[in-house]
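# Analysis of the macromolecular model
Given next are the chains, with one letter for each unit.
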Amino acid sequence: MTESMGLMKGNEAMAEAALRAGCRAYFGYPITPQNEIPDYMARRLPKRGGIFLQAESEVAAINMVYGAGGAGVRVMTSSSSPGISLMQEGLSYIACAEIPCVIINMVRSGPGLGGILPAQGDYFQATKGGGHGDYKLLVLAPSTVQEAVDITYEAFDLADKYRNPVMILGDGLLGQMMESVRLPKPVGYLEEKPWATTGCGYGEPRVINSLYIEGPIMEERIRRIFRKYAQMEQDEVRWEEYLTEDAELLVAAYGSTARIAKTAVARARDKGMAIGLFRPISLYPFPYGKLRELAGRLKGILTVEMSMGQMVEDIKLGVEGACPVSFYGRAGGMIPTPGEILTQIEAMWSRLP
Amino acid sequence: MEYGIMIAGFGGQGVLFTGRLLAEAALLSGYQVTWYPSYGPEQRGGTCNCSVVIGHGPIGSPVIDRPDYLLILNRPSWERFAHDVDAEGYVIYNSDVVKPSLGEISGCPIPIPASELAAEAGDERVANMVLFGAFLGLFGQIPTDHAQRSLRSLISPKYENLLNIDLKCIDLGYGYGKNPKDST
């Protein structure tokens, strides 16, 4: 059962979806372009019996997330690129300690303090382990406000299922735009977490920790979390295909860029070119298998990103040389237009044998 | 079929509000809708724009590179966006403040004396509503009562006193948009 809410901003819709998923603790520090999330949480979360706290920094916020998650509460934070950088140490600890939590990164341009406009330059940081050590975040990249709602709602279940941080990788465009949404109904009873540190007096002591001094014990810890990643690679790979069936060329793009590319692909189809779109939704685990399968019958893939080229490396890994991969990117907050992408498609199309 | 509508002007002229109103009215009329504001340094520096895409299927790009309709409230916005308009598109502009040399754009210019009409309705600041009305008249697929309903639900209590003026502005603009030849 869902509830139609009319038009909502991406940021607000995701905040409401989190509340309906049972999120009862939010810790964060303001930064554009995601401020509507803490704003929404500050207004609504206390009324629903939860806690909203503006921390003194992102470093503090992520450690509060660690604590609340350890106590078994559904917890989240949100930020944008420079703020997410500050959270990396905490994320590494949380992944090692196997604490479920949800992180929204509404990416802005970087490096540095950069700018407040949309970008996709945090792909490497999100998917390859932005903090130290051997760990992964489950990373999901929505393309529409509705998908952002659905993914946010589900992210809390996935975080609990794998006892691992789930990152939702959006950008300023997704956060600031409005679309009509249907919201899922609030979750009811949530199962107790048998590992959570909920206070003394309930039997065996429970310890949440990320420090394992003995090599063999630490190695086993790492192997244990990697068994979960192997499971994710089996069960959580997601992608969308658009007009791929008879396509000779594909555009590969994720998030907001993918929907801009979709318009370019539709225009290319109108001009008689056999073009499709491949949109990874889970960035980790990445849909390498599907991509390899498609690449075998393609003449080329054009990767488009709002970065200087990050996901394109995973595209190449997936393609395994089966077809040429080219890249078009805008950066610094500049958004590629459908016309620009179409020009790239036409150039690649005209070079086909 | 998707339609890209851009609204551009100075901050404070109701650019984002007009876009929101259009988006809500289109939604009521059965369209799928995206609304995307300029939220970057340009907004902070004064000029502001907003992109609304409406269509009968899922919307692709919320970013518009060749608007079908462009609503212009100031001269800098003409200079920046008028040339991007689709060859079959329309540039609806406040001719009281924008005096372009015509023939320089590919779309069809629709001059509207929006400040004058807004003043006639009771407040020359709401020229944005006149242009919005003109768009409705020209577009012809969003009933004015949907626009009126959306306006009533969106207007903040602070501007409640402008509601009737806004409604009148929409009506005045609608007439111009419906019969654009009469206005030139």
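Definitions and cut-offs
Residues numbered from 1 in each chain as written. Chains lettered and ligands numbered in written order. Predicted model: local features only at pLDDT ≥ 70, side-chain atom pairs only at ≥ 80, totals over all residues. Helix = DSSP H or I, 4+ residues; strand = E, 2+ residues; numbered from the N terminus. Rg over C-alpha atoms; globule rule 2.2 N^0.38 Å. Buried ≥ 20, exposed ≤ 12 C-beta atoms within 10 Å, placed from the backbone. Contact = placed C-beta atoms within 7 Å. Pairing = 2+ DSSP bridges. Nonpolar A, V, L, I, M, F, W, Y, C, P; charged D, E, K, R; others polar. Domains from an automatic or database assignment. Axes fitted to C-alpha atoms, helices over the stretch in contact; angles between N-to-C directions. Right-handed = clockwise from strand over helix to strand, strands pointing away. Core = buried A, V, L, I, M, F, W, Y, C linked by C-beta atoms within 7 Å. Arc of directions from axis to C-beta.

A tally of helices and strands in chain A yields 13 helices and 15 strands. Taken over C-alpha atoms, the radius of gyration comes to 21 Å for chain A, in line with the 20 Å a tight globule of 353 residues would show. Across its three principal directions, the C-alpha atoms of chain A cover 75 × 50 × 40 Å. Looking at chain A as a whole, 53% of its 353 residues are labelled buried. Taking the contacts inside chain A whose residues are at least 6 apart along the sequence as the reference set, 80% of them involve residues at least 24 apart.

With that settled, the discussion passes to the overall build of chain B. Regarding its fold elements, chain B presents eight helices and six strands. Rg of the C-alpha trace for chain B: 15 Å, near the compact-globule value of 16 Å for 184 residues, within the 12% margin. The principal-axis extents of the C-alpha atoms in chain B amount to approximately 35 × 35 × 35 Å. Within chain B, the fraction of its 184 residues that count as buried is 53%. Contacts in chain B between residues at least 24 apart in sequence constitute 58% of all its contacts with a sequence separation of at least 6.

This paragraph deals with the pairing of strand β9 (residues 178-184) of chain A. In this sheet, β9 of chain A lies alongside strand β1 (residues 2-9) of chain A in antiparallel orientation, the contact comprising six bridges. The partner of S4 of chain A across the bridge, within β9 of chain A, is R182 of chain A. Note: β9 of chain A against strand β2 (residues 32-37) of chain B, two bridges, orientation antiparallel. The partner of M178 of chain A across the bridge, within β2 of chain B, is W35 of chain B.

Taken together, the 17 residues of chain B in the interface contact 21 residues of chain A. It is β2 of chain B that contributes the most residues to the side of chain B that touches chain A, six residues altogether. Residue composition of the side of chain B that touches chain A, by class: nine nonpolar, five polar and three charged.

For an interface, size is often stated in terms of accessible area lost upon the parts coming together. Residues and elements named next belong to chain A. The assigned domain composition of chain A is domain 1 (2-235) and domain 2 (240-350). Each side of the interface is counted separately: domain 1 has 27 residues, and domain 2 has 21 residues. Contributions of two or more residues to the side of domain 1 that touches domain 2 are made by β6 (115-118), α6 (123-127), β7 (138-140), β8 (165-171), α8 (172-176) and α9 (215-235). For the side of domain 1 that touches domain 2, the residue count by class is 16 nonpolar, eight polar and three charged.

Turning our eyes to something else, we now look at the sheet that holds strand β10 (residues 239-242) of chain A. Residues and elements named next belong to chain A. If you walk across this open sheet you meet the five strands as β10-β12-β11-β14-β15, and the pairing is mixed. A single partner strand is all that each edge strand has here, and the edge strands are β10 and β15 (325-329). Taken pair by pair, the neighbouring strands of this sheet meet at an average axis angle of 20°, ignoring direction. Bridging between β10 and strand β12 (residues 275-280) involves four bridges; their strand directions are antiparallel. Its bridge partner lying in β12, E240 is registered against R279. Strands in contact with helix α10 (residues 255-270) are β10, β11 (249-252), β12 and β14 (300-305); relative to β12, the strand with the most contacts, it is inclined by about 170°. Seen against the sheet, helix α12 (residues 311-319) touches β11, β14 and β15 and runs at an angle of roughly 160° to β14.

Turning to the pairing of β11 of chain A, a few remarks are in order. All names here are of chain A. Burial along β11 is two-sided: L249 and V251 facing one way and L250 and A252 facing the other are all buried. As defined by bridge partners, β11 adjoins β12 across four bridges and the pair is classed as parallel. Its bridge partner lying in β12, V251 is registered against L277. Taken together, β11, α10 and β12 constitute a β-α-β crossover, and its handedness is right-handed. Across four bridges, the pairing between β11 and β14 is parallel. Across the sheet, V251 pairs through a bridge with L302, a residue of β14.

To continue, consider the nonpolar core. Of all hydrophobic cores here, the largest spans 173 residues; its most connected members are V102 and V251 of chain A together with I92, V130 and L131 of chain B. In terms of residues, this core owes the most to one element, helix α7 (residues 145-162) of chain A, which gives nine residues. Counting the residues that make up this core, at least three belong to each of domain 1 (2-235) and domain 2 (240-350) of chain A. The contacts of I92 of chain B, once residues within four sequence positions are left out, are Y69, L70, L71, I110, I112, L131, A134, F135 and L138 of chain B.

Turning next to helix α4 (residues 114-121) of chain B. All names here are of chain B. Turning to α4, its buried residues are A114, L117, A118 and A121. The buried residues of α4 occupy one face: seen down the axis, they fall within an arc of 100°. Packed against the buried residues of α4 are β5 (90-94), β6 (108-112), α5 (127-139) and α7 (163-178). Positive backbone phi, approximately 135°, marks G122, located one or two places after α4.

Glancing now at helix α1 (residues 10-20) of chain A. Count 3.6 residues to each turn of an α-helix, and residues three or four apart come out pointing the same way. Counting buried positions along α1 of chain A gives 10 out of 11 residues, so the element sits mostly inside the fold. In the segment just after α1 of chain A, G22 of chain A is the residue with positive phi, at about 95°.

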